[in-house]
Amino acid sequence: MKRANKAKGGKTIKAILNQAAQKLKKASTTPELDAEVLTGYALNKKRSWLFSNLQQKIDPNKTQKIESLIEKRAEQVPIAYLIKKKEFFNLEFKVTKDVLVPRPETETLVEQSLIKLKKSLQHPGKILFIDIGTASGCIIISIIKELQRKKIINGLNKLDFFATDISGKALKVAKCNAEKHQISDKIDFFSGSLLKPILTLINTGGYSQVVIASNLPYISKEKYEKAKKTIKFEPKKALLAGDGGLKVIRKLLEQLNNLAGLGEIRDIAAMLEIDSEQAHRIKKIIKQLNNLKLIGFSKDLNRKDRVATVINKCTMG
Ligand SMILES: C[S@@+](CC[C@H](N)C(=O)[O-])C[C@H]1O[C@@H](n2cnc3c(N)ncnc32)[C@H](O)[C@@H]1O
């Protein structure tokens, strides 16, 4: 009874949405949408419910919760951190401040990895798939769910999945997402830098093909400093790399180059997400590494070079 009275004196949903959108005008390019998403989240209701209940008055405690979220959004905290989730490849992922918010352009990396894996599955022998710098796990989990959805790995025991990250906190989120999507038994997680935690496995695991997908940090110091404030809430280590953004990717390419002469392995391919402006430099780096060959760049939805595919020539079967 007390609650109902309180709500009677509260603001309507319509008023809350209008005020929130007004407040978010400077911070967001989608102030109305952000206001609806945050209000829906605080009330545990869908956006469609808000529209059919615009005149409903809201308990002041709840209003306070909404206003606190709007305050944070006005400070440019990414909306995914406020609602603790993000949709990627049609799946919902838990996100925390310890992981990068999955980006739509990374779906290109998932698509290219799927194309490669489907080809790899046509050949005999075991396949090792590795997601390096997994963070939320969005890449490897989307790949497994898609293969399951298409019934491609059902009945097949040819694929092993591994995910690594240098951040232990990020790996915890990835494990959580694997559980959420009921595939934690399908992925082994390793903490460590680049290929280091899985070198022994690559060497001795009896694999005939190795497929690597990786979205490593690739933003240069200059770009990072000029970037919108919202990006600064994400882990710096997930975004920023020295050497004009290519320090970490270069290191991985060097490690791939050194994977020559591995007896049983007939194919090592890596798909690396890049900034389109780095394509030229990536080409140059690969040219300097004798055992590597650049297959090409795949474009994202904005027609920008987004994924570099590279193979180790020494293992070409
Ligand atoms: C751009 S985020 C990508 C996250 C996720 N894969 C995605 O696409 O949303 C880069 C990730 O690589 C990890 N990372 C940075 N340096 C690394 C290294 N040397 N070895 C392994 N992971 C690294 C970071 O901790 C971060 O989680």
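Not measured: the values here are computed from a predicted model. Note that residues are indexed from 1 along each chain, following the sequence as it is written. For this predicted model, a pLDDT threshold of at least 70 governs which residues receive local features, and a threshold of 80 or more governs which side-chain atom pairs are given and counted, while totals over whole chains, interfaces and linings are taken from all residues.

Asks: How do you make sense of the site of the ligand when you look at a structure like this?
Replies: Each residue gets a C-beta atom placed from its backbone. If that atom is within 6 Å of a molecule or strand, the residue is near it. Around the ligand, 23 residues are found, and the nearest of them are Gly133, Ala135, Ile166, Asn215 and Ala238. Looking at the shell around the ligand, the elements with two or more residues in it are helix H8 (138-149), strand E4 (159-165) and helix H12 (236-239). Polar here means any residue other than Ala, Val, Leu, Ile, Met, Phe, Trp, Tyr, Cys and Pro, which are nonpolar, and Asp, Glu, Lys and Arg, which are charged; Gly is therefore polar. Grouping the amino acids of the shell around the ligand by side-chain chemistry returns 13 nonpolar, 8 polar and 2 charged. Secondary structure follows DSSP: runs of H or I at least 4 residues long count as helices, runs of E at least 2 residues long count as strands, and numbering of each begins at the N terminus.

Asks: How should the domain arrangement of the protein chain be read in this particular structure?
Replies: A common way to express how large an interface is: the accessible area buried when the components associate. Note: domain ranges come from an automatic or database domain assignment. What the domain assignment reports for the protein chain is domain 1 (2-75) and domain 2 (86-315). Once you take the C-alpha centre of each, domain 1 and domain 2 turn out to be 38 Å apart.

Asks: What is the right way to look at the packing of helix H2 (residues 13-24) against helix H3 (residues 31-43) in this model?
Replies: Helix packing for two helices is described by the angle between their axes and how far apart those axes are. The angle between two axes is taken between their N-to-C directions and runs from 0 to 180 degrees, where each axis is a line fitted to C-alpha atoms and a helix contributes only its stretch in contact. Close contact between H2 and H3 brings their axes to 8 Å; oriented N to C, the two are set at 130°. Put simply, H2 runs oblique to H3. Between H2 and H3 lies a crossing whose hand is right-handed. Residues Ile13, Ile16, Leu17, Ala20, Ala21 and Leu24 of H2 form the contact with H3, whose participating residues are Pro31, Glu32, Asp34, Ala35, Glu36, Leu38 and Thr39. Residues belonging to the contact of H2 with H3 are distributed by class as follows: 9 nonpolar, 1 polar and 3 charged. Orientation categories follow fixed angle ranges, with anything under 35 degrees roughly parallel, anything over 145 roughly antiparallel, 65 to 115 roughly perpendicular, and all other angles oblique. Left-handed describes a crossing whose near helix is turned anticlockwise from the far helix by less than a right angle; the clockwise case is right-handed. We call two residues in contact if the C-beta atoms placed from their backbones are at most 7 Å apart.

Asks: What is the right way to look at H2 in this model?
Replies: Two residues of an α-helix separated by three or four positions point the same way, owing to the 3.6 residues in each turn. For a helix, the expected span equals 1.5 Å multiplied by the number of residues minus one. Taking 1.5 Å per residue, 12 residues should reach 16 Å; H2 reaches 16 Å between its end C-alpha atoms and fits that length. Within H2 the residues assigned to the buried category are Ile13, Ile16, Leu17, Ala20 and Leu24. When H2 is viewed along its axis, its buried side chains cluster within an angular range of 95° and face the same direction. Structurally, H2 contributes buried residues whose contacts are with H3, helix H4 (47-52) and helix H5 (60-74). Every C-beta atom is placed from the backbone, and the number of other C-beta atoms within 10 Å of a residue's own sets its class: buried at 20 or more, exposed at 12 or fewer, partly exposed in between. The arc in question is formed by the directions pointing from the helix axis toward the C-beta atoms.

Asks: Would you mind going over the packing of helix H7 (residues 107-120) against H8 with me for this structure?
Replies: One can describe the packing of H7 onto H8 by two numbers: an axis separation of 10 Å at closest approach and a directional angle of 45°. The orientation of H7 with respect to H8, classified from their angle, is oblique. Crossing of H7 against H8: the hand is right-handed. Between H7 and H8, the residues in contact are Leu109, Val110, Ser113 and Leu114 and Ile139, Ser142, Ile143 and Glu146, respectively. Classifying every residue of the contact of H7 with H8 by side-chain character gives 5 nonpolar, 2 polar and 1 charged.

Asks: Please explain the pairing of strand E3 (residues 126-132) as it appears in this structure.
Replies: The two faces of a sheet get side chains in turn, since along a regular strand they alternate between them. Counting buried positions over the 7 residues of E3 gives 6, a clear majority of the element. For two strands to be treated as a pair, DSSP must find at least two bridges joining them. When E3 meets strand E6 (residues 207-214), the two strands line up parallel, connected through 7 bridges. The residue of E6 that forms the bridge with Leu128 is Val210. In the sheet, E3 pairs with E4 via 6 bridges, with the strands oriented parallel. Residue Leu128 lies in a different strand from E4, and its bridge partner there is Asp160.

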